[in-house]
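For reference, the chains in residue letters:
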Amino acid sequence: MSLRLDQIDFKILKLLQENSNRTTKSLAEELQMSTTPVFERIKKLEKEGYIDQYVALLNAKKLGLKQTVFIGITLQGHTRSYLEKFVKQINDFPEVVECHRVTGNFDYLLKLTVEDVEAYEKFIITKLTLLPYLGSVQSYIALSKGKQTHQLNLEGLL
């Protein structure tokens, strides 16, 4: 049976999205509740899969990963085998931070984070173009970032 979310659950999710490092005590204080029910709700949200994981969001530029590239990929074939092999191999490439199967002109849209354009070129030459079922590749080099968030809009879901 799936957990039915109420306003408190959504508030907990919103607060954890803003800062997952908060203590149960600080969450309870903001929600004007005692810590035990807040702790129990968080555990239920985790168990039911509403919370996938807790992560630290790193500053890519400070780490030397200054270039974001989006790649539209078209495969030569569309059999289940091609699609599964492609995703399996893409998951082995640490430069790829997102891979989405999409509709439209491409089969997949990839997001890469690399040091610079030279690192992107090396990725294309030494990894991507070696995939045997690759059809076409169209690259989009990001010049700047207008918005980036990892927070889901929870407004209106209750």
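As shown above, the structure is provided for reference.
Thresholds applied
- Residues numbered from 1 in each chain as written.
- Predicted model: local features only at pLDDT ≥ 70, side-chain atom pairs only at ≥ 80, totals over all residues.
- Heavy atoms only, no water.
- Helix = DSSP H or I, 4+ residues; strand = E, 2+ residues; numbered from the N terminus.
- Buried < 20%, exposed > 50% of the residue type's maximum accessible area, 1.4 Å probe, protein only.
- Contact = heavy atoms within 4.5 Å.
- Core = buried A, V, L, I, M, F, W, Y, C linked by side-chain atoms within 4.5 Å.
- Axes fitted to C-alpha atoms, helices over the stretch in contact; angles between N-to-C directions.
- Parallel < 35°, antiparallel > 145°, perpendicular 65-115°, else oblique.
- Phe/Tyr/Trp six-rings, centres within 6.5 Å; stacked < 30°, edge-to-face > 60°.
- Pairing = 2+ DSSP bridges.

### Things to note about the overall build of the protein chain
From N to C terminus, the protein chain includes 5 helices and 4 strands. Reading the protein chain from its N end, one meets helices and strands in the order α-α-α-β-α-β-β-α-β. Structurally, the protein chain occupies a C-alpha span of about 55 × 40 × 25 Å along its principal axes. Across the 158 residues in the protein chain, those meeting the buried criterion constitute 28%. For the protein chain, restricting intrachain contacts to residue pairs at least 6 apart in sequence, the fraction spanning at least 24 positions comes to 67%.

### Re the nonpolar core
Counting 21 residues, the largest nonpolar core has Ile 71, Ile 73, Phe 86, Phe 123 and Leu 128 as its most contacted members. Among the secondary structure elements, those contributing two or more residues to this core are β1 (67–75), α4 (80–90), β3 (108–114) and α5 (117–126). Ignoring any residue separated from it by four or fewer positions in sequence, one finds Phe 86 in contact with Ile 73, Leu 75, Cys 99, Tyr 108, Leu 110, Leu 131, Tyr 133 and Leu 134. Formed by 14 residues, the second largest nonpolar core is a distinct cluster that contains Leu 5, Leu 15, Leu 16 and Leu 154.

### With respect to the packing of helix α1 (residues 7–18) against helix α3 (residues 35–47)
How two helices pack is summed up by the angle between their axes together with the distance between the axes. α3 packs onto α1 with a crossing angle of 80° between their chain directions and a minimal axis gap of 11 Å. Classified by the angle between their axes, α1 and α3 sit roughly perpendicular to one another. Each of Ile 8, Asp 9, Ile 12, Leu 13 and Leu 16 in α1 lies in contact with α3, whose residues at this interface are Val 38, Arg 41, Ile 42 and Leu 45.

### Points about the packing of aromatic side chains
In the structure shown here, the tally under the stated rule is 3 aromatic pairs. On the numbers, 5.6 Å between centres and 50° between planes, the contact of Tyr 82 with Tyr 133 is tilted. Of this pair, Tyr 82 sits in helix α4 while Tyr 133 sits in the loop between α5 and β4 (134–141); the two residues are 51 residues apart in sequence, bridging distant segments of the chain. Each ring, one from Phe 93 and one from Phe 123, has its centre 5.5 Å from the other, and the planes form 90°; the classification is edge-to-face. Residue Phe 93 is found in the loop between α4 and β2 (96–101), and its partner Phe 123 is found in helix α5; the two are separated by 30 residues along the sequence. Neither Phe 93 nor Phe 123 differs from the other in exposure class; each is buried.

### Quick word on the environment of Glu 115
Considering the arrangement of structural elements, one finds Glu 115 in the loop between β3 and α5. A C-alpha to C-alpha distance of 29 Å links Glu 115 and Gly 104, two positions 11 residues apart in sequence.

### A word on the sheet that holds β4
Ordered by their spatial adjacency, 4 strands build an open sheet running β2-β3-β1-β4, and the pairing between neighbours is antiparallel. Strands with a single pairing partner mark the edges of an open sheet, and in this sheet they are β2 and β4. Each strand of the sheet is rotated relative to its neighbour by a mean of 20°, with strand direction disregarded. For β1 and β3, the ladder comprises 7 bridges, and the chain directions are antiparallel. The residue bridging Ile 71 from the neighbouring strand is Leu 110, located in β3. The sheet strands contacting α4 are β1, β2, β3 and β4, and the helix crosses β3 at an angle near 10°.

### Focus on the side chain of Lys 111
Summarising the element assignment, Lys 111 is placed in strand β3. For Lys 111, a relative accessible area of 16% gives the class buried. Not counting the four nearest positions on each side in its chain, Lys 111 is found in contact with Thr 68, Val 69, Phe 70, Glu 95, Val 96, Val 97 and Glu 98.

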